[in-house]
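Chain by chain, the residues:
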Amino acid sequence: MRLSLCIPIYNEKANIAASVSAYKSALYDITGGDFELIYCDDGSTDGCADTVRDETDGHIRLTGYEKNRGKGCAVRTAIEAASGDVIIYTDCDNAYGTETIKRALDYMEENPGTDVLIGSRRLGEDGYAGYSVIRKLASEVYVWMLKLIAGFHHSDSQCGFKAFRGNAAHDIFPRCMTDGFAFDIEALLFAERLGYRIDEFPVRIINHSDATSKIHIFGDTFRMLRDVLKIKKHVKASL
């Protein structure tokens, strides 16, 4: 089962070298070499893409664009370039650990009916380890609002770790339009409406720092909720 790991990057100079090294080594161990590691540069200005470019080979690839557009656009662009039977996207800082990649791939192999697998920080007691109280509260409020506004049925839409069957990913993401952080909920709502089976499994933060996060808690939360209203209309009108 070929694996594509998609990593959006924006001004990740502090993390990029360690990221490439950790993911490349782990993916060789997990897949025996049947993988591609795709970084998508979301208009970075700090030269982090050059580090990836220097490492490109038969397994490591770089895609992207010049002007910053947002994480949603970066993930879509990377997925468009992916050829794996399973496509996973996660963050550059390896927040959930490479062991989570193996667990996800094992889950997909053992559960052939699963089309989408969501990492959830709310399924285990230590899922939010490393989060500040304010950041955890903001996440909880956002999930509650998603259930209320969008009718979202799962426990954690915004976890930065998700896996898709290749065919499902290439059906879902071309329909999406959201460039910002609310892109996850758009992809999941399309997955639900298209009839794909969505499962969840527990993940925990093992490498996370609020200081380096690209999310501005209050401003981005309000923007995401505004985007959700647009997303709900877009999904309904598209299908």
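Reading the values: rules and limits
Residues numbered from 1 in each chain as written. Predicted model: local features only at pLDDT ≥ 70, side-chain atom pairs only at ≥ 80, totals over all residues. Heavy atoms only, no water. Helix = DSSP H or I, 4+ residues; strand = E, 2+ residues; numbered from the N terminus. Contact = heavy atoms within 4.5 Å. Disulfide = S-S within 2.5 Å. Buried < 20%, exposed > 50% of the residue type's maximum accessible area, 1.4 Å probe, protein only. Pairing = 2+ DSSP bridges. Right-handed = clockwise from strand over helix to strand, strands pointing away. Expected span 1.5 Å × (residues − 1). Arc of directions from axis to C-beta.

Asks: Please clarify how the environment of asparagine 111 should be interpreted in this entry.
Replies: Within the secondary structure, asparagine 111 is located in the loop between helix H4 (98-110) and strand S5 (116-120). Measuring from C-alpha to C-alpha, the distance between asparagine 111 and aspartate 199 comes to 9.7 Å, with 88 residues separating the pair along the chain. The contacts of asparagine 111, once residues within four sequence positions are left out, are Arg165 and Arg197.

Asks: For this particular structure, what's the right way to read the state of the cysteines?
Replies: Formally, a disulfide is one covalent bond, and it connects the sulfur atom of one cysteine to the sulfur atom of another. As enumerated under the stated definition, the model contains zero disulfides in all. With no disulfide of its own, cysteine 48 has cysteine 92 as its nearest cysteine by sulfur position, at a separation of 7.2 Å. Among the residues examined, cysteine 48 registers a relative accessible area of 0% and is labelled buried. Among the residues examined, cysteine 92 registers a relative accessible area of 3% and is labelled buried.

Asks: What should I look at first to understand unusual backbone geometry in this one?
Replies: Among all residues save glycine, negative phi is the norm, and among peptide bonds the norm is trans. You will see that asparagine 11, though not glycine, has its phi angle at about 50°, which is positive. Inspection of the secondary structure assignment puts asparagine 11 in the loop between strand S1 (3-9) and helix H1 (16-31). In this structure, asparagine 94 is a non-glycine residue whose phi angle is positive, near 55°. Here asparagine 94 lies in the loop between strand S4 (86-89) and H4.

Asks: It is not clear to me how the pairing of strand S3 (residues 60-65) should be interpreted in this structure. Could you clarify?
Replies: Consecutive side chains along a regular strand alternate between the two faces of the sheet. Bridge count between strand S2 (residues 35-42) and S3: six bridges; the pairing is parallel. Across the sheet, residue aspartate 42 finds its bridge partner in S3, namely tyrosine 65. Each parallel crossover has a hand, and the one from S2 via helix H2 (residues 48-55) to S3 is right-handed.

Asks: Which parts of the structure should I look at to understand H4?
Replies: Since the α-helix packs 3.6 residues into each turn, any two residues three or four apart lie on the same face. Its 13 residues place the ends of H4 19 Å apart at the C-alpha level, agreeing with the 18 Å of an ideal helix rising 1.5 Å per residue. Of the residues making up H4, those classed as buried are Thr100, Ile101, Ala104, Leu105 and Met108. End-on, the buried residues of H4 take up no more than an arc of 135°, which puts them together on one face. The elements touched by buried residues of H4 are S1, H1, S4, S5, strand S6 (162-165) and strand S7 (198-202).

Just geometry here; none of it tells us what the structure is for.
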